[in-house]
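Coordinates in review
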Amino acid sequence: MTRVRRELLRWSLLAAAAAVLVVFLVAQRQSVEVSYGRSPSTAALPEGSAGELSDASVPSVEEMTALVAADPVVRLPGAVARWDEQRVRAAVGDRGTRILVAPPGLDEAERRRVKDVENAEIRIVGTEVSGGLYVASPDDLPGWRARFATGDVTGSVLALLAALHDQPTPQDGDDLRWREPTGPELAPVVAALRVTGRYVGTGATLPELPEKAASAAFPDGAWFVVLPAQPYGEPLPAYGPALHRLAPDQPLVVMYGDWIEYHGPGAASFAEVAGASFYAQFGGRLGRYAYPQQNVLGAYLAQVTDVRYAGLFDRPLPYRPFDPLRVALPALPWIFAGCVAGFVVLSIRTVRGSGRRPADVGPGGTPARLAGLSALAVELSLLTDARSDPALVRGVGRLRAARDAFDEGLPDRHVRELLADAAAELDDVARDVRMPGYRPDVYLRTRLS
């Protein structure tokens, strides 16, 4: 290798070492945020801006108190909650329990008026059942299904009565009945699904499908059947199983009122997870308010997306771009050390091959100190941290300046001054890393003796 090529390689290694060191130090200040399978959706039912308040209102506290005093069960206009009167009457017995039923979608002041009716032992707003210090709500899919598909609050009323009177909580049941949809019922649904992929029944409040949420939840498309809340006490037409038999490979979402269920590929491991997580999170708000079905469906589809990105439903996790810095960061200290070591080796060869100069003063002279301090910088580079790295960088810079001055034949005093500055910086590094044997005077005395 010619002297010119060797010099070019030597300084290239030093420049590479400096660049790697700067990149490594800058990377230490980066804030890292780790996310596994981050979902692009936000499942939410915002308060105050999602159309959840209805036009319904309630009388004054005095008027409602008078109504409750006159009748054990008072249903205000717009009330939707229903229950099994026979079972509730048997649970009430001869206690004279009075129930006030208000419509959903009341604002805060109206709900407060309902709460202030003291002679109503049980108060129901929408399908939220409360009394005393208790609020009763379902905690399983059958309970949520009955509540949001037909307005059935039987289980919640019985649980609240048991809590108020220190009785055992009755067991949960699934009293909702189903029936096969008739041919005339199924035909228009199938026709609409095959043309547009959606069917909106009479009385439903879905003006349009939440397209963005739907495409995120089901990228390959899905069918949507949206129906109004079903009459209490009557069997529900089971559109989901019937349509699934017609198109078993087609994802299908069926909505009865505020109850949403999924049928199709992956339903066995996916539908219950999505339904339970959605209604556990939003069931309380859905019971109190009168959200449009479009908002409820959008929030459910966002929850589906969250579940899918969590690795369920046998779908791949989202692509994570390759980050070269993240992959290379652990190797940067070793690359730095290798570059400095190469620079030191080439520097020693250059000194040995250049012959004696007037500035050469024996083993402890300027060339030997330059080589010794360069070797010390290499060894210290493997021990430094964020606090001591700046001093190391300054020391390497002083060594490079001394090397340039030595090669250009500048006065020996000037070179030694640069070496003294470098030794001072390396001495600070040795103290920071608490290695007395790496202080320049000790190190050079050992190596050059």
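An unreviewed UniProt entry annotates the chain as DUF4350 domain-containing protein of Micromonospora aurantiaca.

Turning our attention to helix α2 (residues 61–70). When we look at burial in α2, the residues that qualify are Val61, Met64 and Val68. Summarising the axial view, the buried residues of α2 lie within an arc of 65°, below the 170-degree limit, and thus occupy one face. Facing away from the buried side of α2, by more than 90 degrees, are the exposed residues Glu62 and Ala70. Next to the buried residues of α2 lie β1 (73–75), β2 (99–102) and α4 (108–115).

Below, the discussion takes up the packing of helix α5 (residues 141–150) against helix α10 (residues 267–288). Two quantities define a packed helix pair, namely the angle between the axes and the distance from one axis to the other. In contact at an axis separation of 10 Å, α5 and α10 are set at 50° when each is read in the N-to-C sense. In this view, α5 runs oblique relative to α10, as classed from their interaxial angle. Handedness of the crossing formed by α5 with α10: left-handed. On α10, the residues that touch Leu141, Trp144, Arg147 and Phe148 of α5 are Glu272, Gly275, Ala276, Tyr279, Ala280, Gly283, Leu286 and Gly287. When the residues that make up the contact of α5 with α10 are grouped by side-chain class, the tally is seven nonpolar, three polar and two charged.

This brings us to the packing of aromatic side chains. The final tally for this structure, using the stated rule, is ten aromatic pairs. A centroid spacing of 5.7 Å and a plane angle of 70° characterise the contact between Trp178 and Tyr256, whose relative ring orientation is edge-to-face. Here Trp178 is found in strand β6 (residues 178–179), whereas its partner Tyr256 is found in strand β10 (residues 252–256), with 78 residues between them in sequence. Ring plane angle 25° and centroid distance 6.1 Å describe the contact between Tyr438 and Tyr443, whose orientation is recorded as stacked.

It is worth spelling out the nonpolar core at this point. Generally speaking, a soluble globular protein has its nonpolar side chains buried in company with each other. Core analysis: the biggest nonpolar cluster contains 50 residues, and Phe218, Phe224, Leu243, Leu297, Tyr300 and Leu301 have the highest contact counts within it. Ignoring sequence-local partners within four residues, the contact set of Leu301 consists of Pro210, Ala213, Ala214, Ala217, Phe218 and Phe224. Grouped together as the second largest cluster of nonpolar side chains are 36 residues, Val340, Leu380, Ala391 and Val433 included.

This part takes up the pattern of salt bridges. According to the stated counting rule, one finds 15 salt bridges in the structure shown. Put simply, Arg431 and Asp428 hold a salt bridge, and the shortest N to O gap is 2.4 Å. Placement of the pair is Arg431 and Asp428 together in helix α16 (residues 412–432), with a separation of three residues, close to one helical turn. Within this structure, Asp427, Asp428, Arg431 and Arg439 form a network of salt bridges that share partners.

Moving on: the packing of helix α15 (residues 389–407) against α16. Taken N-terminus to C-terminus, the directions of α15 and α16 make an angle of 165°; their axes are 8 Å apart at the nearest point. With respect to α16, the axis of α15 lies roughly antiparallel. The chirality of how α15 crosses α16 is left-handed. Of the residues in α16, those in contact with Ala391, Leu392, Arg394, Gly395, Arg398, Leu399, Ala401, Ala402, Ala405 and Phe406 of α15 are His414, Val415, Leu418, Leu419, Asp421, Ala422, Glu425, Leu426, Asp428 and Val429. Residues of the contact of α15 with α16, tallied by class, amount to 13 nonpolar, two polar and five charged.

Glancing now at helix α7 (residues 183–196). With 14 residues, α7 should reach 20 Å at 1.5 Å per residue; the first-to-last C-alpha distance of 20 Å fits that figure. Three or more residues of α7 are buried, namely Leu186, Val189, Val190 and Leu193. One side of α7 carries all its buried residues, which in axial view fall inside an arc of 100°. Exposed side chains of α7 directed beyond 90 degrees from the buried face belong to Pro184 and Val195. Buried residues belonging to α7 abut β7 (198–200), β8 (223–227) and α9 (239–246). Trailing α7 by a residue or two, Gly197 shows a phi angle of about 80°, which is positive.

Hydrogen bonds between backbone atoms are what pair the strands of a sheet, whose relative direction is either parallel or antiparallel. Strand order in this open sheet of four strands is β7-β8-β10-β11, and the pairing throughout is mixed. With one partner strand each, in any of the chains shown, β7 and β11 (259–263) form the two edges of the open sheet. Between one strand and the next, the sheet's axes are offset by a mean angle of 10°, whatever the strand orientation. Direction of pairing for β10 relative to β11: antiparallel, over a ladder of five bridges. For Tyr256, the partnering residue across the bridge sits in β11 and is Trp259.

Turning our eyes to something else, we now look at the confidence of the model for the chain. Of all residues in the chain, 84% attain a pLDDT of 70 or more, and the chain-wide mean is 83. Below a pLDDT of 50 lies the segment residues 314–319, which in the model reaches eleven contacts outside its immediate sequence neighbourhood of four places, other chains included.

Next up on the list: the sheet that holds strand β4 (residues 128–131). With respect to topology, five strands assemble into an open sheet ordered β1-β2-β3-β4-β5, the strand pairing being mixed. Only two strands of the sheet have a single partner each, and these edge strands are β1 and β5 (134–136). Direction aside, the axes of adjacent strands within the sheet are offset by 20° on average. Of the strands in this sheet, β2 and β3 (122–125) are in contact with α4, which crosses β3 at around 160°.

Now for the side chain of Glu261. Tracing the sequence through the fold places Glu261 in strand β11. Look at Glu261: it is buried, it has no salt bridge, and the nearest opposite charge is Arg145 at 5.0 Å. Separated by 3.0 Å, the side chains of Glu261 and Trp259 make a polar contact. In contact with Glu261, other than residues within four places in its own chain, are Arg145, Trp178, Leu252, Val253, Val254, Tyr256 and Tyr300.

Thresholds applied
Residues numbered from 1 in each chain as written. Predicted model: local features only at pLDDT ≥ 70, side-chain atom pairs only at ≥ 80, totals over all residues. Heavy atoms only, no water. Buried < 20%, exposed > 50% of the residue type's maximum accessible area, 1.4 Å probe, protein only. Helix = DSSP H or I, 4+ residues; strand = E, 2+ residues; numbered from the N terminus. Arc of directions from axis to C-beta. Contact = heavy atoms within 4.5 Å. Axes fitted to C-alpha atoms, helices over the stretch in contact; angles between N-to-C directions. Parallel < 35°, antiparallel > 145°, perpendicular 65-115°, else oblique. Left-handed = near helix turned anticlockwise from the far one by under 90°. Nonpolar A, V, L, I, M, F, W, Y, C, P; charged D, E, K, R; others polar. Phe/Tyr/Trp six-rings, centres within 6.5 Å; stacked < 30°, edge-to-face > 60°. Core = buried A, V, L, I, M, F, W, Y, C linked by side-chain atoms within 4.5 Å. Salt bridge = Lys/Arg side-chain N within 4 Å of Asp/Glu carboxyl O. Expected span 1.5 Å × (residues − 1). Pairing = 2+ DSSP bridges. pLDDT = per-residue confidence, 0-100. Lys, Arg positive; Asp, Glu negative; His and termini not counted. Polar contact = N/O pair within 3.5 Å; in protein donor to acceptor, adjacent residues only side chain to side chain.

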